[in-house]
Amino acid sequence: MEARLMALLQVGESLSVEFRGESMKALSDAELVESVVCLANRDREDDGWLLVGVEDDGTVTGAKPRHGSVTDPDRVVALIANRTRPSLYVRRVILGTGEPGCLPMTPSDILSRQSIAIQEDVSARIVEGTSWDDVDPLEILRLRDTIERYRGDAVLLAGKEQSIRRRLPTHEAAFQVLSDVDVAVNQFYRSPIVRTLEEMLLFLRARNSETEVMAGMFRIGIPDYSERVFREGVVNALVHRDYTRQGAVHVQWREDRIEISSPGGFPEGVHLNNLLVTPPRPRNPRLADSFKRLGLVERTGRGINTIFSEQLRNGRPVPDYGRSTSAWVTLVIPGGRANLEFIRLVLEQDESGRSLSLDELLILNSLFTDRRIDTATAAKVIQKPEAETRGALERLGERGLIEPRGERRGRVYHLSAAVYRMLGQKAAYVRVRGFEPEQ
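Here's a quick rundown of the structure.

1. A look at the pairing of strand E13 (residues 402–405)
Right, so step 1: Bridge count between E13 and strand E14 (residues 412–415): four bridges; the pairing is antiparallel. By the bridge assignment, Glu-403 is partnered in E14 with His-414.
Right, so step 2: Between E13 and E14, which pair antiparallel in sequence order, lie six residues; one of them, Gly-406, sits at a positive phi of approximately 95°.

2. Structural notes on the sheet that holds strand E6 (residues 182–189)
Right, so step 1: Taken in spatial order, the five strands of this open sheet run E6-E5-E9-E10-E11, and their pairing is mixed. Of all strands in the sheet, those bounded by a partner on one side alone are E6 and strand E11 (328–334). Taking the axes of each pair of neighbouring strands and ignoring which way they run, one obtains an average angle of 15° across the sheet.
Right, so step 2: Sheet topology note: the strand E9 (residues 249–253)/strand E10 (residues 257–263) ladder contains four bridges and is antiparallel. Paired with Val-251 across the strands is Ile-260, a residue of E10.

3. Points about the packing of aromatic side chains
Right, so step 1: For the structure on display, the rule yields five aromatic pairs.
Right, so step 2: Both rings, one in Tyr-225 and one in Trp-253, keep their centres 5.2 Å apart while their planes meet at 75°; by these two values the pair is edge-to-face. Of this pair, Tyr-225 sits in the loop between strand E8 (218–223) and helix H8 (227–240) while Trp-253 sits in strand E9, and the two are 28 residues apart along the sequence.
Right, so step 3: Looking at Trp-253, the relative accessible area reads 9%, which means it is buried.
Right, so step 4: Each ring, one from Phe-342 and one from Phe-368, has its centre 5.1 Å from the other, and the planes form 85°; the classification is edge-to-face. Taken as a pair, Phe-342 in helix H11 (residues 340–351) and Phe-368 in helix H12 (residues 358–370) lie far apart in primary sequence, 26 residues in all.
Right, so step 5: Assessed through its relative accessible area of 12%, Phe-368 is described here as buried.
Right, so step 6: We note Arg-207 situated over the ring of Trp-253; from NZ or CZ to the ring centre the distance is 5.7 Å.
Right, so step 7: Above the face of the Tyr-243 ring, Arg-241 is positioned so that its terminal group lies 4.9 Å from the ring centre.

4. Some remarks on H12
Right, so step 1: For H12, with 13 residues, the first-to-last C-alpha span of 18 Å sits near the 18 Å given by 1.5 Å per residue.
Right, so step 2: Burial within H12 is extensive, with 11 of its 13 residues counted as buried.
Right, so step 3: Buried residues of H12: Leu-358, Asp-359, Glu-360, Leu-361, Leu-362, Ile-363, Leu-364, Asn-365, Ser-366, Leu-367 and Phe-368, and no others.
Right, so step 4: Once H12 ends, the next one or two residues include Arg-371, with phi positive near 75°.

5. Regarding the packing of H12 against helix H13 (residues 375–382)
Right, so step 1: Interaxial distance between H12 and H13 falls to 9 Å at its minimum, and their mutual angle equals 125°. By the criterion of interaxial angle, the relationship of H12 to H13 is oblique. As for the relative orientation of H12 and H13, their crossing is right-handed in sense. From H12, Asp-359, Leu-362, Ile-363 and Ser-366 reach across to H13, where they touch Ala-378, Val-381 and Ile-382.
Right, so step 2: When the residues that make up the contact of H12 with H13 are grouped by side-chain class, the tally is five nonpolar, one polar and one charged.

6. Notes on the sheet that holds strand E12 (residues 373–374)
Right, so step 1: Taken together, three strands build an open sheet; the order of strands is E12-E14-E13 and the sheet is antiparallel. At either margin of the open sheet sits one strand with a lone partner, and together these are E12 and E13.
Right, so step 2: Sheet topology note: the E12/E14 ladder contains two bridges and is antiparallel. By the bridge assignment, Ile-373 is partnered in E14 with Tyr-413.
Right, so step 3: Along the sheet face, H12 touches E12, E13 and E14 and points at about 80° away from the line of E14.

7. Quick look at unusual backbone geometry
Right, so step 1: We note that Arg-371 has phi near 75°; this positive angle belongs to a residue other than glycine.
Right, so step 2: One non-glycine residue, Gln-383, lies in the positive phi region at around 60°.
Right, so step 3: Tracing the chain through its elements places Gln-383 in the loop between H13 and helix H14 (386–398).

8. With respect to the packing of helix H7 (residues 193–207) against H8
Right, so step 1: The contact between H7 and H8 brings their axes to 11 Å, and the two run at 145°. Read as a crossing pair, H7 and H8 show a hand that is right-handed. Seen from H7, the contacting residues are Ile-193, Thr-196, Leu-197, Met-200, Leu-201, Leu-204 and Arg-205; seen from H8, they are Glu-227, Phe-230, Arg-231, Val-234, Val-235 and Leu-238.
Right, so step 2: The class makeup of the residues in the contact of H7 with H8 is nine nonpolar, one polar and three charged.

9. Looking at the environment of Ala-417
Right, so step 1: Looking at the element boundaries, Ala-417 is found in helix H15 (residues 417–423).
Right, so step 2: In the structure, Ala-417 is positioned 17 residues away from Gly-400 in sequence and 8.6 Å away in space, judged by C-alpha atoms.
Right, so step 3: In this structure Ala-417 touches Glu-403 and Tyr-429, once residues within four positions along its chain are discounted.

10. With respect to the pairing of E10
Right, so step 1: Most of E10 is tucked away, with seven of its seven residues classed as buried.
Right, so step 2: Neither face of E10 is left uncovered, since the one carrying Arg-257, Glu-259, Ser-261 and Pro-263 and the one carrying Ile-258, Ile-260 and Ser-262 both have all their residues buried.
Right, so step 3: Between the antiparallel neighbours E9 and E10 lie three residues.
Right, so step 4: With seven bridges joining them, E10 and E11 adopt antiparallel strand pairing. Counterpart to Ser-262 in the pairing with E11 is Val-329.

What counts and how
- Residues numbered from 1 in each chain as written.
- Predicted model: local features only at pLDDT ≥ 70, side-chain atom pairs only at ≥ 80, totals over all residues.
- Heavy atoms only, no water.
- Pairing = 2+ DSSP bridges.
- Helix = DSSP H or I, 4+ residues; strand = E, 2+ residues; numbered from the N terminus.
- Axes fitted to C-alpha atoms, helices over the stretch in contact; angles between N-to-C directions.
- Phe/Tyr/Trp six-rings, centres within 6.5 Å; stacked < 30°, edge-to-face > 60°.
- Buried < 20%, exposed > 50% of the residue type's maximum accessible area, 1.4 Å probe, protein only.
- Lys NZ or Arg CZ within 6 Å of the ring centre and 35° of its normal.
- Expected span 1.5 Å × (residues − 1).
- Parallel < 35°, antiparallel > 145°, perpendicular 65-115°, else oblique.
- Left-handed = near helix turned anticlockwise from the far one by under 90°.
- Contact = heavy atoms within 4.5 Å.
- Nonpolar A, V, L, I, M, F, W, Y, C, P; charged D, E, K, R; others polar.

Set out below in structure tokens:
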């Protein structure tokens, strides 16, 4: 390496080599990032070299320490990764003077590069400098055990904690139990993702309680929080987070809810009004595929649908992503008292061999809350066109679970007389049904 550096110093600056001296003042973070991006965007495929602490004439004056008395290379890597989203559009060229320099990229330059690499899968990036010494044998055994239990067929990368801290400094997760402003549990993890997930599930199982519901002759336990909902929520946060951003994945257990937040907003094209119907858009496709093969997430990529469906089947309010921003995705899983009547209705349908679909669960849940619903409102609830929505409403009517009232555009739907009898609320049915005009 020393010989290579000496050769670069002798040749001087070029398209692939830039000198940035610090004899007068230290290079700022912004200047450092711009120089790196400029070299990366040159029309060459060879290695690019930024030599900090070398003056324009090739004199070595030395680089100033960036982190106290030293310079931590891993923190420099994290700085560059975090500062280049959105990307800086400059590139390395030969100027009119014949010397190398940086110029802004034109729109055509940008489009050309985007056509080559539309989106980078950060989880598929090769981590330079790693070796078998960075892999923890115990984590390999843990993954093998996970594959055995979940019938998966792939192995997720398992690293030692110290290697993860050094090579992937943005990976961090936290499990917190909060009571108002008091913190009962505040556990942070830098461990491999499968191990982090397992330890968080242990926290859930230790604190979760159940309510028994009679289904025919059998008692069925309804947990405060569905383990499947929790697992899908945590895995989504860990797998789909933006690993170029600083910040931990936070799992916060509060008195009436669990909040799961992860760095990075929704992927492009995903928003609150199409969460249930948009095609899967994993931010880290290779990492997501590994978890599918391990059997830890839905193989269809519809983990959010599972979260909604399981939450409703356990008699809880719908999950809420409304606190998400462009910088964070936040999932709120409501707790509180379960709607036992709704659970019994769902169980009865299961026993009849006609389990309710997610669309049907969403419509019925809305009717349990608001009593009436029209086609336009139902379409917003299930996030589908009105034509498909009418099909779901008709299926519920054929099953004797809802009834229509009114004609054409004035038509609304409410729970059927049979459902109100099951709830023991005959008078409520009369109130919601009202009287027909001729009566």
